[in-house]
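Structural overview for review
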Amino acid sequence: MKTLHYLIAGLLGLTLHGCVSFNPAGPIGDPERTAAVTQPRAAMLADVVVSDPGMDADERHNLARQFTQQLNHRVEKGAYFEQVISFPAKLGEQDVLLKFDFSQLQGKRTPHPAYFPGALLTLTVWIWVNGPIYVDRYDLTGQLSIEDAHGALLASSRKTIAVEQNTGLWDADYMNAALGAAQLNQLVEQLLQDSSTQLSQR
């Protein structure tokens, strides 16, 4: 009986500890593959904007600075454009300015509803066979606008990723210190691909 009490206490501890909200913060890394078509022009990245109202001003500012550096590297490595230039360089007549705005960066981890009864009824076998312990929810929204050297809009893409996934003990995300990084990189790639396609069709 004492063992059962310890088991219940341990499972309850994991359950109560498992509710957490967070803001996916990357890192934004290199693309898995380079662009199928490289735009024959140079691109400059404007300072990234993080406008999620659920974050305080300091968080938004720090994350925007981090994303600006990482996206500069991402755009260059992805070969979306012939060249990536930075301030104080100036845009030529055929060059473009990329403006990213992330208006929603929300993540939430909650205990899976079947975790406690499943683990209790199976005497923790549920956990060791990778039964779901958490439900991870990601709600990410971003926009990429591409302007010419005079500020005229050439392409615009807005994408949203809203996904729930189960996470068990043996899943990579169980102890992942960068939860949501994969989803954030997916969002960035969708924005770049969609905007680049629009630009190619002009």
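Since this is a predicted model, take the numbers as computed values, not measurements.

**Brief notes about the confidence of the model for the protein**
- Confidence along the protein averages 85 in pLDDT terms, with 81% of residues attaining 70 or more.
- Across the protein, the element-wise mean pLDDT spans from 44 in helix α1 (residues 2-17) up to 98 in strand β3 (residues 49-50).
- Under a pLDDT of 50 for its full length, residues 1-12 has, in the predicted model, 12 contacts with residues more than four places off or in other chains.

**Focus on the environment of Val37**
- Here Val37 lies in the loop between β1 (20-22) and β2 (39-45).
- Residue class for Val37 comes out exposed when judged on its relative accessible area of 53%.
- Not counting the four nearest positions on each side in its chain, Val37 is found in contact with Ala79 and Tyr80.

**Here we look at the pairing of β2**
- Among the seven residues that make up β2, six are buried, leaving the element largely enclosed by the rest of the structure.
- Sheet topology places β2 next to strand β4 (residues 81-85); four bridges connect them, and they run parallel. The partner of Met44 across the bridge, within β4, is Ile85.
- Note that β2 and strand β5 (residues 96-111) share three bridges and pair parallel. Bridge pairing in β5 links Met44 to Leu97.

**Details of unusual backbone geometry**
- Residues Gly26 and Pro27 are joined by a peptide bond in cis, for which omega reads 15°.
- Among the structural elements, Pro27 can be located in the loop between β1 and β2.
- Residue Phe87 is joined to Pro88 through a cis peptide bond whose omega torsion reads 15°.
- On the secondary structure map, Pro88 appears in the loop between β4 and β5.
- A positive phi angle is found at Ala79, which is not glycine, with a value near 55°.

**Digging into the nonpolar core**
- Counting residues in hydrophobic clusters, the biggest one holds 31 residues, and the most contacted among them are Phe67, Leu71, Phe81, Leu98, Phe100, Phe102 and Leu105.
- Put simply, the parts of the chain that give this core at least two residues each are β2, α2 (57-78), β5, β6 (134-148), β7 (153-167) and α5 (181-200).
- The dominant element in this core, judged by the number of residues it contributes, is α5, at six residues.
- In this structure Leu105 touches Phe22, Asn23, Pro24, Val50, Asp52, Met55, Leu63, Phe67, Asp139, Leu140 and Leu184, once residues within four positions along its chain are discounted.
- With five residues, the next largest nonpolar core counts Met44, Ala46, Ile85 and Leu97 among its residues.

**What about the pattern of salt bridges?**
- Throughout the structure, instances matching the rule amount to five salt bridges.
- Two residues, Glu147 and Lys99, come together in a salt bridge whose shortest N-O distance is 3.3 Å. With Glu147 in strand β6 and Lys99 in strand β5, this residue pair connects regions lying 48 residues apart in the sequence.
- By relative accessible area, Lys99 is classed as partly exposed at 34%.
- One salt bridge in this structure joins Arg137 and Glu164, with 3.9 Å as the shortest N-O distance.

**Re the environment of Lys108**
- By the secondary structure assignment, Lys108 is in strand β5.
- Expressed as a C-alpha distance, the spacing of Lys108 and Tyr138, which sit 30 residues apart in the sequence, is 6.7 Å.

**Here's the deal with the packing of α2 against α5**
- Relative orientation of the contacting elements α2 and α5 amounts to 55°, with a least axis distance of 12 Å. Of the possible angle classes, the one that applies to α2 and α5 is oblique. Remark: the crossing between α2 and α5 carries right-handed chirality. Between α2 and α5, the residues in contact are Phe67, Leu71, Arg74 and Val75 and Leu184, Asn185, Val188, Glu189 and Leu192, respectively.
- Across the contact of α2 with α5, the residue classes break down as six nonpolar, one polar and two charged.

Rules and cut-offs
Residues numbered from 1 in each chain as written. Predicted model: local features only at pLDDT ≥ 70, side-chain atom pairs only at ≥ 80, totals over all residues. Heavy atoms only, no water. pLDDT = per-residue confidence, 0-100. Helix = DSSP H or I, 4+ residues; strand = E, 2+ residues; numbered from the N terminus. Contact = heavy atoms within 4.5 Å. Buried < 20%, exposed > 50% of the residue type's maximum accessible area, 1.4 Å probe, protein only. Pairing = 2+ DSSP bridges. Core = buried A, V, L, I, M, F, W, Y, C linked by side-chain atoms within 4.5 Å. Salt bridge = Lys/Arg side-chain N within 4 Å of Asp/Glu carboxyl O. Axes fitted to C-alpha atoms, helices over the stretch in contact; angles between N-to-C directions. Parallel < 35°, antiparallel > 145°, perpendicular 65-115°, else oblique. Left-handed = near helix turned anticlockwise from the far one by under 90°. Nonpolar A, V, L, I, M, F, W, Y, C, P; charged D, E, K, R; others polar.

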